[in-house]
Structure formats: C-alpha cells, structure tokens
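Listed here are the chains, written in short residue letters.
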Amino acid sequence: MPELSDADLRFVLEHLQPPFNTKEGYRDYFLPKIQYHRALCTTVIAKVKKVLEPLKRQFGHRFFYRIDDSNTSKSLESIIDKIRRGEQANTKNEITIKNFAETMTDLARFRIVCNFLADMEKISQALRKSEELNEHFTFDVKDTTKVRPKDRKSGERSIKLILGYKKSPGLFLEIQVMTQLAEAWDKKDHFLVYEIRRRAPESDEENFPDFLDAKMHAMSELLNVADNYFDDLRQTRENALGDKEAS
Amino acid sequence: MRLRDEKQKTGHLLSFTSVKEREKGFSFFFPVEDLDQFDSLLEVTNGFEKCINEHFPDYEFTGYSIPDLGKIDVDFQELNTDRISTFELEEFLAEDQEFIEDFARIVIDRHISKPRPLFPEIVTGALVSGGDFYDRKDEIETIWNGLEKGENFLLRAPRRYGKSSMLKFMMDNPREGWRVCYADLEGGKSAEDFVEYILKKGIFLQDECATCLPDHLSNLDIPGATEMKKTEIIREERQKIISDWQAYANALFNSIEKKSGENNFLLILDEISFLVEDMINSAENGVEATRDLLKWFDEKRKIYRKIKFIISGSEHLPEFLRAYGIDGQLDNLKEETLELFDKTTAKEYIFLVLAGRKIVVRNEEIDFLMELMGNPIPYFLQLLLDVIISNCHKRQNIDLKDIKKIYYKELLGPDRKRNFESIVRQLDRYKRYGELSGKGAERLLDKIAVSKRASIEMLKAIWQEATGSERNFEAMVGIIQDDFYIKHNTDDTLSFNSKLLLDWWNMHRLSTVQ
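What counts, and where the lines are drawn
- The residue numbers shown here count from 1 along each chain, following its written sequence.
- As they are written, the chains are lettered A onward and the ligands numbered 1 onward, keeping that order.
- Local features are withheld for residues below a pLDDT of 70 in this predicted model, meaning they are given only at 70 or higher, and side-chain atom pairs are given and counted only at 80 or more; totals for whole chains, interfaces and linings count all residues.
- As a convention, hydrogens and water are excluded, and side-chain values are obtained from all of the structure's heavy atoms.
- Where helices are involved, their axes are fitted lines through C-alpha atoms of the stretch in contact, as for all axes, and angles between N-to-C directions lie from 0 to 180°.
- Counting from the N terminus, the helices are the DSSP runs of H or I reaching at least four residues and the strands are the DSSP runs of E reaching at least two.
- Each angle receives one of four descriptions, namely roughly parallel if under 35 degrees, roughly antiparallel if over 145, roughly perpendicular if within 65 to 115, and oblique otherwise.
- In this scheme the handedness of a crossing depends on how the near helix is turned from the far one: anticlockwise by less than a right angle means left-handed, clockwise means right-handed.
- Residues count as neighbours in contact if any of their non-hydrogen atoms are within 4.5 Å of one another.
- Polar here means any residue outside two lists: the nonpolar Ala, Val, Leu, Ile, Met, Phe, Trp, Tyr, Cys and Pro, and the charged Asp, Glu, Lys and Arg; Gly therefore counts as polar.
- Here the rule is simple: two strands pair whenever DSSP picks up at least two bridges between them.
- Only residues above 30% relative accessible area that lack a salt bridge enter a patch, with like-charged residues linked at up to 9 Å and the nonpolar side chains Val, Leu, Ile, Met, Phe, Trp and Tyr linked at up to 5 Å.
- What sets the accessible areas is the Shrake-Rupley method with a 1.4 Å probe; for residues, cover comes only from the shown protein chains.
- When a carboxyl oxygen of Asp or Glu lies within 4 Å of a side-chain nitrogen of Lys or Arg, that pair is called a salt bridge.
- Each residue is placed in one exposure class: buried if its accessible area under a 1.4 Å probe, protein chains only, is under 20% of its type's maximum, exposed if it is over 50%, and partly exposed if it falls in between.
- Here the quantity called buried area is the accessible surface, traced with a 1.4 Å probe, that two parts lose on coming together, added over both.
- Between N or O atoms, a polar contact is any pair within 3.5 Å; within protein, one atom must be a potential hydrogen donor and the other a potential acceptor, and residues adjacent in sequence are included only when both atoms are from side chains.
- Values of pLDDT, which run from 0 to 100, indicate the predictor's confidence residue by residue.
- Under the pairing criterion, centres of Phe, Tyr and Trp rings, with the six-membered ring standing for Trp, must be within 6.5 Å; the plane angle then separates stacked pairs below 30 degrees from edge-to-face pairs above 60, leaving the rest tilted.
- Here, over-ring charges are defined by two tests on the NZ atom of lysine or the CZ atom of arginine: distance to the ring centre within 6 Å, and angle to the ring normal within 35 degrees.

Asks: Got a sec to walk through the packing of helix α1 (residues 38–55) of chain B against helix α3 (residues 101–113) of chain B? Specific residues and values, please.
Replies: Residues and elements named next belong to chain B. Running from N to C, α1 and α3 point in directions that differ by 60°, and their axes come no closer than 10 Å. One way to sum up the angle between α1 and α3 is to call them oblique. Crossing angle aside, the handedness with which α1 passes α3 is right-handed. Between α1 and α3, the residues in contact are Phe48, Lys50, Cys51, Ile52, Glu54 and His55 and Glu101, Ala104, Arg105, Val107 and Ile108, respectively. Along the lines of polarity and charge, the residues of the contact of α1 with α3 split into six nonpolar, one polar and four charged.

Below, the structure written as structure tokens:
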C-alpha cells in the first residue's frame, strides 16, 4: 500500500488522538469513515447501469460506454494530503480532519468512459434526468469541457456530476464522464504531472524544468481536437446512414 | 430460500488480506442490483469489518465497487482473484436487517483455514472427512490433552452422532509425536475377533503403524503386499490367535510399545458396543467371555506407557454391561460424551452447507428447519438438507410452506424410505435377545411415541406383556435409547429426543405393530 509523505505523516501524528496518531493506527481513523462512500458507490454503479441500459441498447452496434472501476475511492494518501494542504494554507478551510467525510465530494467516485464527445452529453443528460436518481440525490455539475483558456488550470476535460445523497446529507459521490481520449490523457497526466504537482504545488519550475507540464497541457488540446474531429466523422456517417434509410 | 443469482456481475467486493502472508488473501463478492440495497450493503460491510477487527486481527479489510466481476482479473491485479466467493447480502442479514456475525465469522474462518472442501457437503450414511467434518474442536482438544496426560478414553454417544467421523478425523490429523491406528470392531463376535480386527481392520490398513508389528510381521513389508498376500497372512495369524488370543495380543501390544520409539501410539477401537452385544449373544458362555475380555483389556491398559486407547461405543454401554452383571471393567477410562451440535453450531452448519450449494437461505428459514426436525442429530440434519437442496435446485425458489411439505411428504414419505432402513433394521437385531424382543421393542417405541413421555413402570409392563417376561428389559431400554434417540427424563419417563424420528415413527411404524 502507498505510504504517506513525511509531511502528511507528521500532520496525522500531530492532529489525531490516540490510538490513531501512529504510523500503523491512522488508517483505522479514516477507513471506517469512508465505508459509507464505498457502499454508496457500488449501489450507484448498479443504478447507473440500469439508467443507461436503454442508451446502451440503442447504440448496441458500437462501443458506447464503459465504467472504469480502477479508482472508485480516493486514496487515503490523497485525502490526508488534501486536508493538510487546506489546513496549512491558512485560509478559512472548509475541509478538516474532523469533517472531511461530509465535506469532500470526491471521496467516492467512478468514471464513465465514452466513445464520442456526443456520448458524454447523452450520458450526462440521461443521468441528470433520471427520476430515480433525482428522487435520491441532489445534482451539482462541473463541466470542464467548456472552460475558457484563461480559466483553465489543467488539461482535464470531463463532465463531473456531484451527487449528494438526500437520505444522508453530507454523503457525496462524484461521477466523471469523459471520452476515451480524455481518459488516456488523464491516466498519463496523473503519473507525469498531477501527483508531482500535488505534493509540491509551488515548485513547477523545479519539478518540470523540461516544461513537461506545458507539453501535457498541449497534448490535452491536441486530443480534444481529435475528439471533436472524431465526433464530426461520427455525425457525417450517421447523417449519411439516416439519408439512406429515409430514401 | 432460493438459488443464488450468480449472473449479476455488478457488486461490492470485500477483500481480506493477511498482514503477514499476502498470498493468503481472499474476497467475498456481493452482487448489487439497485440503490435500495445501500443500507443492507453498509450493514454487511460494517459487520464484516467489525468481525475482522474483533476475531481476525492478522487480516486487513478493504471494500471495492465492482462494475463487472468478469473483468476483475484486469482491473484488480493486486487481488487473489482465484479466491473469490460469491454471497448475497441477504445471507448475512436477519429479518430485522441486523448483521449475523456468527455466519461471517464462520465463513472467514473457513477461508483462512482452507479445509477441503471449503463448504461442507452432504455425506449421508458414510463417514465424513476433511472439510465435510464439522466442528467438535473442543472434544478433540479435550481428548488429545487427556491422552498426553496419559489417560485412556471411553467415547460415548448415540448412533449417528458422528463418533466415527470424529475419530477418523483424529487419525488423519494426529498431534505431533503420535501415531494413530483406527480399528472398527463391528462384526466381531469373540475375543479372538477383537485381536484379529485390530490387526486386520486396523494396523494392516495403516502403513505408518505396520512398522510396530512383531518382527515376524514387520519383516514382511505388509504395506507393499498385495491384498491376496495380506489375506494369506491374516489367515495364518488367525490360527495363532485362536490357539491363544491373550498370548498373541500380549506379544502384539508389547511390540507396539517397544517399537514406538519416541512416538506415542493411539489405538482407537470403534464400535465396541456391537462387538460386546454380539459376544454376549453369540455363544452360551458369551457373558463370561465378554467379562474375561474386558477384564484382560482393563489390566493391559494399566501396563502400557506409550500405547493409549480410545474405546468408542454407544451412550449406554456401561448400563448395558451392568444389565449382564459386567461391572467396573471400563471404570479406569476417562469418559467423553459427544453431545449434539448446539443451536448456534447447527445454524452455522446449515448456513454453510446451503451456501456451498449456492442457496440463499434466510435466518428465519434456518430456524424453521430446526424447528421441524427438532434436535439436530447430524445424520437426520444431513437427510433434511439433502432433500431441501435437491428441491431448491429443481424449483429455484422455495418458501416456508414448501419446506414443511418437503419435510412431511418427501423426507418422511415413501420415496426416502431407504434412509431409515438402517434404523428399522435394528429391530431385527434385537431378536438376539429373544424371538419376541423385536416386537417388544416396537411396542415400547409405540407407547413412547403415543404418550410423548412414557413411564418406565408402564413400559416394563408392556415389555412383559409383549415378551412374556421382564428379562432383558433394562438392556433393551439402554439399546433403544441409543438406536432411536430416546431420552431418559428426570421424572423416570422416556421420550423421543428426535422430533424427526418421532414424526417418522408416527407415520410409518405405529400401525404395523401386531
């Protein structure tokens, strides 16, 4: 299992009460608190599959979407790191070691990986309009496919649906909808840039003297161009097929 | 109760990892279909976590959301995907949705100890072994501890309580420093048979024990001999035994004692009750011969330091012997009685057997099964589960009404008659106590069945009327207590201790007595 950075370990040792304030014991403080999120994640995946079943049938002739389960819960290391950075930033921090389970909205998440850009929209709409999901959840949407260059901090392009479980206020789950190309970029960026930047956000000059971060940003743009082109091709093809059927 | 839906591939995986040896990890997969299972999933997840923390501190626990179990090999390469068992959430939740920790503990325990098979299977009639053998840990521990202190044991229990299976388990899983030989004495009718069976049905069948035989036999490489050769050797040895069984047995035991070296030698003599009953009844001087054998054996047990004995017989062996004036020959044996499974153990067993056959059973259904059959006599419990499993596999889904119907119409019905034949056969065996003894026993059982509790006094009168005398009444009462699970109550009455057998007797035997 991944280890905490020295700074994060010092942070938990200082901020947790016994018996959790040890290298061996901190997990026992955090893990039970995220059990809820994991259980919620599983049941929402089951529900989402049902909601998307009609779309899947409609587009059964081609790849439409898949659910990526490789990161369904935020790692302990990321959770602790996020809390520590928040607390040390000396701002009015909303996420603390005490309330993190109710305030972090991405403790549980999963990703829906689509084929085309248009599929992202179809899936996102289907989920947002689902009566059953709306009965149980509040929805908050963050769409990073439509961010202007001046506001863009990262190359990530996805539609994030943040679901709040009505029955248990403070219990959130994040569904990330993105294309295969955006996912491919994200998986590379996570290793090459994101993790390094997360640990030392102020040290881009030292960590990326070769401008790796800028190159990754450019790759995201490139793949987005590709995604748009693919979507045009899909549209052209479908229009042609539609005309043929009509005639 | 219903067949588990194993087509559902979306669900929650609870993964258990050994802190010390990661390859010992295993996982349980719970299919999840919809949001309304959130509370159940949370209860089960929290329950397993608590169970791991309290009972299995060497294990860590992680939960994963699984969109497609079929692709788990690709997505979760760190998991031991060969050791995933599927359960449904319902299997670990009581009617009030409370987590059933006993079931969680027992499935985790079995996944850690890895018996073969992982879930016990139904073995009606035959000896159960390996992973099919269930529980009895405390009894086995007590006996081994006693043996190591130098004690010999008399293991008593009614028929089909699992004595022989437990003894075989001890033979297959000896404590360090022990060689174990198991011999079944059923069929023997004399002291000569007693000695011959130890040889023929015991030491000759267990290679590691054959080295302790007297030189003239140990030099023959008996483990490597053909069956024909072994039969020839036995025939020759039988002649020697017949000429002087005591001298032969002395030489045999002396050799075992001498050749055991650093090890101890445990000789398990099973079904001694049958041998004793047959000895008493097969010859005119049967009682004297039995007394002589037991007296000699009593003396021998005091002599040997390395050879220890477990003698196994029916619950009422001492009373039976006393009825023939044979007293005190078993007194220096430490007594160990095999009791029925307690309610918790029986429930765990039912849960495990059904889980192993992919059947989801609710807690109230387990309670209903136990209520139907009464005391969980292992043999009858297996019969009941067998018929329930075959129905569930045939129909996919059965409810309490179906279970009741299956119990009365199928298990106790004509199609399953063969399962009770061995019990009815005992009535023929009783003829050895006089031509009318079988009928007398049947009349006793009838009376007990009708009255629910019948006084000894009344039963004695019935016996006298049926057989023409009071002779053998006490012995017969002892025997039917073992064979028909009859309980001697404190108010000096007898009653059926097995509801299932009482139901069966009422349905099939009551009207047949002339």
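Asks: Before we move on, can you summarise the sheet that holds strand β8 (residues 264–270) of chain B with the specific residues and values?
Replies: Residue and element names in this part refer to chain B. The sheet built from five strands is open, its strands ordered β7-β8-β9-β6-β10 with parallel pairing. The open sheet is flanked by β7 (178–184) and β10 (334–337), the only strands paired with a single partner. Within the sheet, the average angular offset between the axes of one strand and its neighbour, ignoring direction, is 20°. Inspection of the sheet shows strand β6 (residues 153–156) paired to strand β9 (residues 307–313) by four bridges, in the parallel sense. When the sheet's bridge partners are listed, leucine 154 is paired in β9 with isoleucine 311. Helix α11 (residues 272–282) rests against β8 and β9 of the sheet, and its axis sits at about 70° to β9.

Asks: For a nonpolar patch on the surface, give the residues involved together with the corresponding values.
Replies: Residue and element names in this part refer to chain A. Where nonpolar side chains cluster on the molecular surface, the patch consists of Tyr229, Phe230 and Leu233 and spans about 320 Å² of accessible area. Among the structural elements, tyrosine 229 can be located in helix α10 (residues 212–246). Judged by its relative accessible area of 52%, tyrosine 229 falls in the exposed class.

Asks: Outline the interface of chain A and chain B, supporting the account with residue identities and numerical values.
Replies: Quite often, the size of an interface is put as the accessible area lost when its parts meet. At the junction of the two partners, chain A supplies 26 residues and chain B supplies 25 residues. When chain A packs against chain B, close to 2200 Å² is buried across both sides, 60% of that on carbon and sulfur atoms. Among the residues chain A hides against chain B, the three largest losses belong to Gln35(A), Thr42(A) and Asp69(A). Together they make up 27% of the total. Remark: the boundary between chain A and chain B carries nine residue pairs in polar contact (both at pLDDT 80 or more). Of all the secondary structure elements, the ones that give two or more residues to the side of chain A that touches chain B are α3 (35–58) and α7 (131–136) of chain A. Among the elements that make up the side of chain A that touches chain B, the one with the highest residue count is α3(A) (14 residues). Broken down by class, the residue content of the side of chain A that touches chain B amounts to 14 nonpolar, five polar and seven charged.

Asks: Tell me about the sheet that holds strand β13 (residues 486–488) of chain B, and name the residues and values.
Replies: All names here are of chain B. Spatial strand order, β12-β14-β13: three strands in an open sheet with antiparallel pairing. Whereas interior strands pair on both sides, the edge strands pair on one side only; in this sheet they are β12 (454–455) and β13. In this structure, β12 lies alongside strand β14 (residues 493–496), joined through two bridges in antiparallel fashion. When the bridges of β14 are listed, serine 455 appears paired with threonine 493. Set on the sheet, helix α19 (residues 437–451) makes contact with β12, β13 and β14; between it and β14 the angle comes to about 80°.

Asks: Give me the lowdown on the confidence of the model for chain A, citing residues and values where you can.
Replies: For chain A, per-residue confidence averages 89 on the pLDDT scale, and 95% of positions sit at 70 or higher. The lowest-confidence element of chain A is helix α4 (residues 76–88) of chain A, averaging 82 in pLDDT; the highest-confidence one is helix α6 (residues 117–129) of chain A, averaging 96.

Asks: Which residues make up the packing of aromatic side chains, and what values go with them?
Replies: All names here are of chain B. What the rule picks out here adds up to 43 aromatic pairs over all chains. With a centroid separation of 6.4 Å and 35° between ring planes, the pair formed by phenylalanine 30 and phenylalanine 87 is classed as tilted. Remark: phenylalanine 87 occurs in the loop between β5 (84–86) and α3 and phenylalanine 30 occurs in strand β3 (residues 26–31); sequence separation between them is 57 residues. In this structure, phenylalanine 30 and phenylalanine 87 share a single accessibility class: buried. Where phenylalanine 194 meets phenylalanine 297, the ring centres are 5.3 Å apart and the plane angle is 65°; that geometry is what we call edge-to-face. Of the two residues, phenylalanine 194 sits in helix α6 (residues 191–200) while phenylalanine 297 sits in helix α12 (residues 286–303), which places them 103 residues apart along the sequence. The exposure class of phenylalanine 194 is buried, given its relative accessible area of 1%. Against the face of tyrosine 379 rests arginine 160, its NZ or CZ located 4.0 Å from the ring centre.

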